[in-house]
Amino acid sequence: MKEISKQYAQAIFEIACEEGREGEIMAALESAKTVFEQNPEYMELVCSPSIPLSERTAALCEGFEGTLPEIVVSLLGLMCEKGRIRAFSSCVDEYKRLLDVRQAVVTARVVSAVALNEDEKQALVQKLEQKSGSTVLLSCEVDPSIMGGVIVEMEGMIMDGSLRAKLREVKEVMKG
């Protein structure tokens, strides 16, 4: 399913880039994804093999026409026709990834023992942007088990500055 999502995302992303509408299309895709997440019965309706395909695609088009760009409505209709509409959420995620790469945006997952305040977040973003050369978005989580410090996961690298990791290092030195 993931490969299918990538293909649809790549296709709509290329069209959006040609038209200079990457951000607009991203917002529309997110909007449709939210509708499906908040109304799971809608997704079940458009996936139901007991309902004729023409009625399912009509329900999609009527539901979104006028509220989303035609290209997004067409994508939804095509994915429904091909029996791939369940991959829509993954398609949106892949489109976002493509857009982030194009805009040189990376997401850094930050785990801290206590919630970071805005000044700490801003300082961390600045350091990570200097290090990566990209725009950095933070995804913050709190995990008291790390005791202190932070763990940053970004672009496949993990920087563990937690107190738990430091104590583990000390323990290893004492053993050796």
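Everything below is about the structure shown above.
To keep things clear, this report deals only with the structure shown in the data block. In this convention, every chain numbers its residues from 1, walking through the sequence in written order. Two thresholds apply to this predicted model, a pLDDT of at least 70 for residue-level local features and 80 or more for giving and counting side-chain atom pairs, whereas whole-chain, interface and lining totals are computed over all residues. Side-chain numbers come from the whole structure's heavy atoms, not from hydrogens or water.

### Here's the deal with the overall build of the protein
As a reminder of what qualifies: Secondary structure is summarised from DSSP: a helix means a run of H or I of at least four residues, a strand means a run of E of at least two, and numbering begins at the N terminus for each. Here the term buried applies to any residue with accessible area under 20% of the maximum for its type, exposed to any over 50%, and partly exposed to those in between, with areas from a 1.4 Å probe on protein chains only. By definition in these notes, contact holds between two residues if any of their heavy atoms fall within 4.5 Å.
Along the protein, the regular secondary structure elements total eight helices and four strands. Going residue by residue from the N terminus, the α and β elements of the protein occur as α-α-α-α-α-α-β-α-β-β-β-α. In the protein, which comprises 176 residues, the proportion classed as buried is 37%. In the protein, 64% of the contacts between residues at least 6 apart in sequence involve partners at least 24 apart.

### Structural notes on the pairing of strand 1 (residues 105-112)
Operational definition: When DSSP finds two or more bridges between a pair of strands, those strands are recorded as paired. Looking down the strands as they point away from the viewer, one classifies a crossover as right-handed if the path from the first strand across the helix to the second runs clockwise.
Of all the eight residues making up strand 1, six are buried; the element is thus mostly covered by neighbouring parts of the structure. With eight bridges joining them, strand 1 and strand 2 (residues 135-142) adopt parallel strand pairing. Along strand 2, the bridge assignment pairs Ala108 with Leu138. Handedness of the crossover joining strand 1 and strand 2 through helix 7 (residues 118-132): right-handed.

### Quick look at unusual backbone geometry
The phi dihedral of Met147 is positive, around 70°, even though this residue is not glycine. Residue Met147 is classed as partly exposed on the basis of its relative accessible area, which comes to 48%. Phi is positive for Glu155, close to 50°, though the residue is something other than glycine. Within the secondary structure, Glu155 is located in the loop between strand 3 (150-154) and strand 4 (157-160).

### A few points about helix 3 (residues 40-47)
To be explicit about the condition: Throughout, the arc means the angular range of directions from the helix axis out to the C-beta atoms.
Those residues of helix 3 that fall on the buried side of the exposure criterion are Tyr42, Met43, Val46 and Cys47. Down the axis of helix 3, the smallest arc covering the buried residues is 130°, so these residues share one side. Tucked inside the fold, the buried residues of helix 3 contact helix 2 (22-38), helix 4 (53-64) and helix 5 (70-81).

### Focus: the packing of helix 2 against helix 6 (residues 88-102)
Going by this rule: Note on method: axes are straight lines fitted to C-alpha atoms, helices fitted across the in-contact stretch only, with angles between N-to-C directions ranging 0 to 180 degrees. Roughly parallel here means an angle under 35 degrees, roughly antiparallel means over 145, roughly perpendicular means 65 to 115, and every remaining angle is called oblique. For any pair of crossing helices, the crossing counts as left-handed if the nearer helix is rotated counterclockwise from the farther one by less than a right angle, and right-handed if it is rotated clockwise. Three classes are used: nonpolar for Ala, Val, Leu, Ile, Met, Phe, Trp, Tyr, Cys and Pro, charged for Asp, Glu, Lys and Arg, and polar for all others, with Gly counted as polar.
One can describe the packing of helix 2 onto helix 6 by two numbers: an axis separation of 10 Å at closest approach and a directional angle of 155°. Considering the angle they form, helix 2 stands roughly antiparallel to helix 6. Of the two possible hands of crossing, helix 2 and helix 6 adopt the one that is left-handed. Residues Glu22, Ile25, Met26, Leu29, Glu30, Ala32, Lys33, Phe36 and Glu37 of helix 2 pack against Phe88, Ser89, Val92, Asp93, Tyr95, Lys96, Leu99 and Arg102 of helix 6. Taken together, the residues that form the contact of helix 2 with helix 6 break down as nine nonpolar, one polar and seven charged.

### Focus on the pattern of salt bridges
As a reminder, the rule being used: Take a side-chain nitrogen of Lys or Arg and a carboxyl oxygen of Asp or Glu: if they are within 4 Å of each other, that pair is a salt bridge.
Within the structure shown, the criterion is met by 11 salt bridges. Across the salt bridge formed by Arg21 and Glu19, the nearest N and O atoms sit 2.8 Å from each other. Residue class for Glu19 comes out partly exposed when judged on its relative accessible area of 43%. A salt bridge links Glu141 to Arg109; the nearest nitrogen and oxygen atoms lie 2.8 Å apart. Of the two residues, Glu141 is situated in strand 2 and Arg109 in strand 1; the sequence distance between them amounts to 32 residues. What makes Glu141 partly exposed here is its relative accessible area of 33%. Its relative accessible area of 32% is what places Arg109 among the partly exposed residues. Residues joined by salt bridges that share partners form a network here, namely Glu19, Arg21 and Glu24.

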